[in-house]
Amino acid sequence: MAKKVKDTDYLFISTYLHSRERDLLTAARMERMIEAPTAEEAAKVLAEIGYGEFNPSSERELSVVLASEQEKLFEDLYRFVPDKAVVDVFKVKYDYHNLKTLLKARAMGVDGGRLLLDAGRVSAQEMNRAVTEGDYNALPELLRAAAEEAGEVLASTGDPQLSDFVLDRAYYAEMLSAARATGSGFLVEYVQGTIDAANLRSAVRTLRMKKGADLLKKVLVEGGAIRPESVQAAALAGNLEELYRPTPLRTAAELGTAAAQGGSLTAFEKACDDAVTAVAARAKSVPFGVEAVISYVAAKEIEFTAVRVIMSSRLAGIEGDTIRERLREAYV
């Protein structure tokens, strides 16, 4: 029988991560990057908090440095977190990202290797080999089953959207299963919040495309605090705001109603992400325990997104006010 991991086992990693919080990309640092006279000056802010050197005029180099930071994050956590399964909850996302990318690339006859992120449980190289050879035996059980099903759907229909539906359902199911296996109620709540946000996004996009129940049944996934059937019923009846009013997604649902009718998707997407961030932020007051890991990973995920938004927007010559509209709430 495996030894139960106690909160006190997290004393070292909690202290370590709290000390690293001073190097997170704060709201003030984001503002400095936006206001910097050049992209080179904006990149210097990242250098101050430990990012490697890169050419700020190159999207490819930006992707490389972000991938490197993601890899370093999980290497650190794997080294020090008492229960590695907690880290795997967050790594699952990259497995499914890579699998989606490679299946689509194979179907189109192109090389998807440069779009892979080596931050999953399965190395990008091994995932590439598995998809190229059609041999998924080395993958974790649930991922293997999802890969085989999605591959068959793509081969028989030629529709990458249908294979994405398969992988999305499998991804959220495996993420939630992994969270429950850790015994952390807070981690389960965080994952369920992520699923609720994903379902709200899917409902709003479906309404915006003027699609109905058939598509909703395909895109909504199980596992959230709000059942897919309730989301579908509310979406079709125009009652999403009422359904989500008692939840952290209240504001997002209000903006989603407007977005479904042609309003701003940017504001709606931002509100969805901010609601999930607010769930994770509740862990900041916990001095030590698994919550410290969850909150730090959530903060770094927000940071990576912000870095990409700011640097890519600067490269495209987008005005500062527009960049600010696209940014999620800073964790610190």
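Along the backbone of the protein chain there are 16 helices and 0 strands. Taken against the 2.2 N^0.38 rule, which gives 20 Å for 332 residues, the C-alpha radius of gyration of the protein chain at 20 Å falls within 12% of a compact globule. Seen along its three principal axes, the alpha-carbon backbone of the protein chain occupies a region of about 50 × 50 × 45 Å. Evaluated residue by residue, the protein chain yields a buried proportion of 50% over its 332 residues. Counting contacts in the protein chain only where the partners sit at least 6 residues apart, residues at least 24 apart contribute 64% of the total. Counting only carbon and sulfur atoms, one obtains 51% of the accessible surface of the protein chain, whose full area is about 15900 Å². Averaged over its 42 positive side-chain charges, the protein chain has a centre that lies 2 Å from the centre of its 50 negative ones.

Before going further, it helps to examine the environment of S312. Residue position: S312 is located in helix α15 (residues 290-315). By relative accessible area, which is 18% here, S312 ends up buried. Taking the C-alpha atoms as reference points, S312 and S58, separated by 254 residues in sequence, lie 9.0 Å from one another. Once you skip the residues sitting within four places of it in the chain, S312 turns out to touch E59, L62 and V307. A distance of 3.0 Å separates the side chain of S312 from the side chain of E59, its partner in a polar contact.

Viewed as axis vectors pointing N to C, helix α1 (residues 11-20) and helix α4 (residues 59-80) meet at an angle of 155°, and their least axial separation amounts to 10 Å. The orientation of α1 relative to α4 falls into the category roughly antiparallel. Crossing angle aside, the handedness with which α1 passes α4 is right-handed. Between α1 and α4, the residues in contact are F12, I13, Y16, L17 and R20 and D76, L77 and F80, respectively. Class assignment of the residues belonging to the contact of α1 with α4 gives a composition of 6 nonpolar, no polar and 2 charged.

Let's shift gears to α4. Every α-helix winds through 3.6 residues per turn, so residues three or four apart in the chain are directed the same way. Its 22 residues place the ends of α4 32 Å apart at the C-alpha level, agreeing with the 32 Å of an ideal helix rising 1.5 Å per residue. Listing the buried residues of α4 in full gives L62, V65, L66, A67, E69, Q70, L73, F74, D76 and L77. Those residues of α4 hidden inside the fold are in contact with α1, α5 (84-108) and α15.

Attention shifts here to the packing of aromatic side chains. Across all of its chains, the model carries 7 aromatic pairs by this definition. Judged by centre distance (6.3 Å) and plane angle (5°), the rings of F12 and Y16 are stacked. One end of the pair is F12 and the other is Y16, both in helix α1 and 4 residues apart, which spans about a single turn. The exposure class of Y16 is partly exposed, given its relative accessible area of 22%. Taking 4.6 Å as the distance between ring centres and 45° as the angle between the ring planes, the aromatic pair formed by Y171 and Y172 counts as tilted.

Attention now goes to the nonpolar core. Core analysis: the biggest nonpolar cluster contains 111 residues, and L77, Y190, L200 and M311 have the highest contact counts within it. Ranked by residue count, the leading element in this core is α15, at 13 residues. If sequence neighbours within four positions are ignored, L77 has contacts with I13, L17, V87, V293 and V297.

This paragraph deals with the side chain of Q70. Residue position: Q70 is located in helix α4. Excluding residues that lie within four positions of it along the chain, Q70 makes contacts with Y94, L117, A119 and F304.

The next thing to look at is helix α11 (residues 228-237). Those residues of α11 that sit buried are P228, V231, Q232, A234 and A235. Buried positions along α11 lie against α9 (185-208), α10 (213-219) and α12 (240-244). Backbone geometry just downstream of α11 places G238 in the positive-phi region, at approximately 75°.

Another point: the pattern of salt bridges. For the structure shown, the criterion picks out 24 salt bridges. In this structure, the salt-bridge partner of R324 is E35, at a minimum N-O distance of 2.5 Å. Residue R324 is found in helix α16 (residues 320-326), and its partner E35 is found in helix α2 (residues 27-35); the two are separated by 289 residues along the sequence. Residue R324 is classed as partly exposed on the basis of its relative accessible area of 28%. Across the pair D321 and R324 runs a salt bridge whose closest N-O atoms are separated by 2.9 Å. On the criterion of helical spacing, the pair formed by D321 and R324 is a turn pair, its members being 3 residues apart in helix α16.

The next subject is the packing of α5 against helix α7 (residues 141-157). Two elements in contact, α5 and α7, have axes separated by 11 Å at closest approach and are oriented at 25°. In terms of orientation, α5 and α7 fall into the roughly parallel class. The element α5 and its partner α7 pack so that their crossing is right-handed. Between α5 and α7, the residues in contact are D95, Y96, L99, L103, K104 and A107 and L142, L143, A146, A147, A150, G151 and L154, respectively.

Cut-off values and rules
Residues numbered from 1 in each chain as written. Predicted model: local features only at pLDDT ≥ 70, side-chain atom pairs only at ≥ 80, totals over all residues. Heavy atoms only, no water. Helix = DSSP H or I, 4+ residues; strand = E, 2+ residues; numbered from the N terminus. Rg over C-alpha atoms; globule rule 2.2 N^0.38 Å. Buried < 20%, exposed > 50% of the residue type's maximum accessible area, 1.4 Å probe, protein only. Contact = heavy atoms within 4.5 Å. Areas by Shrake-Rupley, 256 points an atom, 1.4 Å probe, with all protein chains shown as cover. Lys, Arg positive; Asp, Glu negative; His and termini not counted. Charge placed at Lys NZ, Arg CZ, Asp CG, Glu CD. Polar contact = N/O pair within 3.5 Å; in protein donor to acceptor, adjacent residues only side chain to side chain. Axes fitted to C-alpha atoms, helices over the stretch in contact; angles between N-to-C directions. Parallel < 35°, antiparallel > 145°, perpendicular 65-115°, else oblique. Left-handed = near helix turned anticlockwise from the far one by under 90°. Nonpolar A, V, L, I, M, F, W, Y, C, P; charged D, E, K, R; others polar. Expected span 1.5 Å × (residues − 1). Phe/Tyr/Trp six-rings, centres within 6.5 Å; stacked < 30°, edge-to-face > 60°. Core = buried A, V, L, I, M, F, W, Y, C linked by side-chain atoms within 4.5 Å. Salt bridge = Lys/Arg side-chain N within 4 Å of Asp/Glu carboxyl O.

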